[in-house]
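Listed below are the residues making up each chain.
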Amino acid sequence: MGELYDIERVVPHRGTMRLVDRLVAWGEDSVAVEVRVPDEGPFCHAEGVPAWVGVEYMAQAIAAWAGCHARASGREPSIGFLLGTRRYESRVSWFRTGALLRVEATRELLGDNGLGMFSCRILGDGEELATANVSVFEPPDAMAYLETTQQ
């Protein structure tokens, strides 16, 4: 297990768009973060947070994994992109306000071109609530990549 960095040091998301709260563990191929489901914010409703937001919880867990590897190599974390998800299945419709969720991601593959696939799951009270395979892309120079896609 690597150093447990403060979450803000390993994910680029800020303000209300940082949905993960704490880095719990990370290693060569995996990461675990915690989310305390908020009672206010951009995705909150009376019922809690809709389960589809779990895809973003998973993506931010993957961002934390990449950020930890960057920090451990003496680099700053960079921007990555959520490309999509396959087989997102949730056993709940809502993550209830105040619940403590554990989001885990395990690297299945990562190419030299920055394309990756992670197997992810969300746990609440030790019970598996949601699972998915998440595809991501981390270009070598995210800002240059964004500039070329806007032309």
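Our structure's up above, just so we're on the same page.
Residues numbered from 1 in each chain as written. Predicted model: local features only at pLDDT ≥ 70, side-chain atom pairs only at ≥ 80, totals over all residues. Heavy atoms only, no water.

(A) Representation of the pattern of salt bridges within the structure. Counted according to the given criterion, the structure contains 11 salt bridges. Among the ionic pairs, R22 bridges to E34, the shortest N-O distance being 3.0 Å. Separated by 12 residues along the polypeptide, R22 in strand β1 (residues 22–26) and E34 in strand β2 (residues 30–36) bring together distant segments of the chain. Judged by relative accessible area, E34 falls into the buried class, the value being 18%. E28 is the partner of R107 in a salt bridge, and the nearest nitrogen-oxygen pair spans 3.8 Å. Residue R107 is found in strand β6 (residues 100–110), and its partner E28 is found in the loop between β1 and β2; the two are separated by 79 residues along the sequence. (Salt bridge = Lys/Arg side-chain N within 4 Å of Asp/Glu carboxyl O. Helix = DSSP H or I, 4+ residues; strand = E, 2+ residues; numbered from the N terminus. Buried < 20%, exposed > 50% of the residue type's maximum accessible area, 1.4 Å probe, protein only.)

(B) Quick look at the nonpolar core. Ranked by internal contacts, the top residues of the largest apolar core, which has 37 residues, are V31, V33, Y57 and L101. Taken together, the elements giving at least two residues each to this core come down to β1, β2, α1 (54–72), β6, β7 (115–124) and β8 (127–137). Ranked by the residues each element gives to this core, the list is headed by α1, at 8 residues. Apart from residues no more than four positions distant in its own chain, V33 is found in contact with I7, V20, R22, L23, V24, A61, A64, L101, R102 and V103. (Core = buried A, V, L, I, M, F, W, Y, C linked by side-chain atoms within 4.5 Å. Contact = heavy atoms within 4.5 Å.)

(C) Representation of the sheet that holds β6 in the model. Reading across the sheet, the 6 strands line up as β1-β2-β6-β7-β8-β4 and stay open at both edges, with antiparallel pairing between neighbours. At either end of the open sheet lies a strand with only one pairing partner, and these are β1 and β4 (81–90). Adjacent strand axes in the sheet meet at a mean angle of 25°, parallel and antiparallel pairs treated alike. In this structure, β6 lies alongside β7, joined through 9 bridges in antiparallel fashion. (Pairing = 2+ DSSP bridges. Axes fitted to C-alpha atoms, helices over the stretch in contact; angles between N-to-C directions.)

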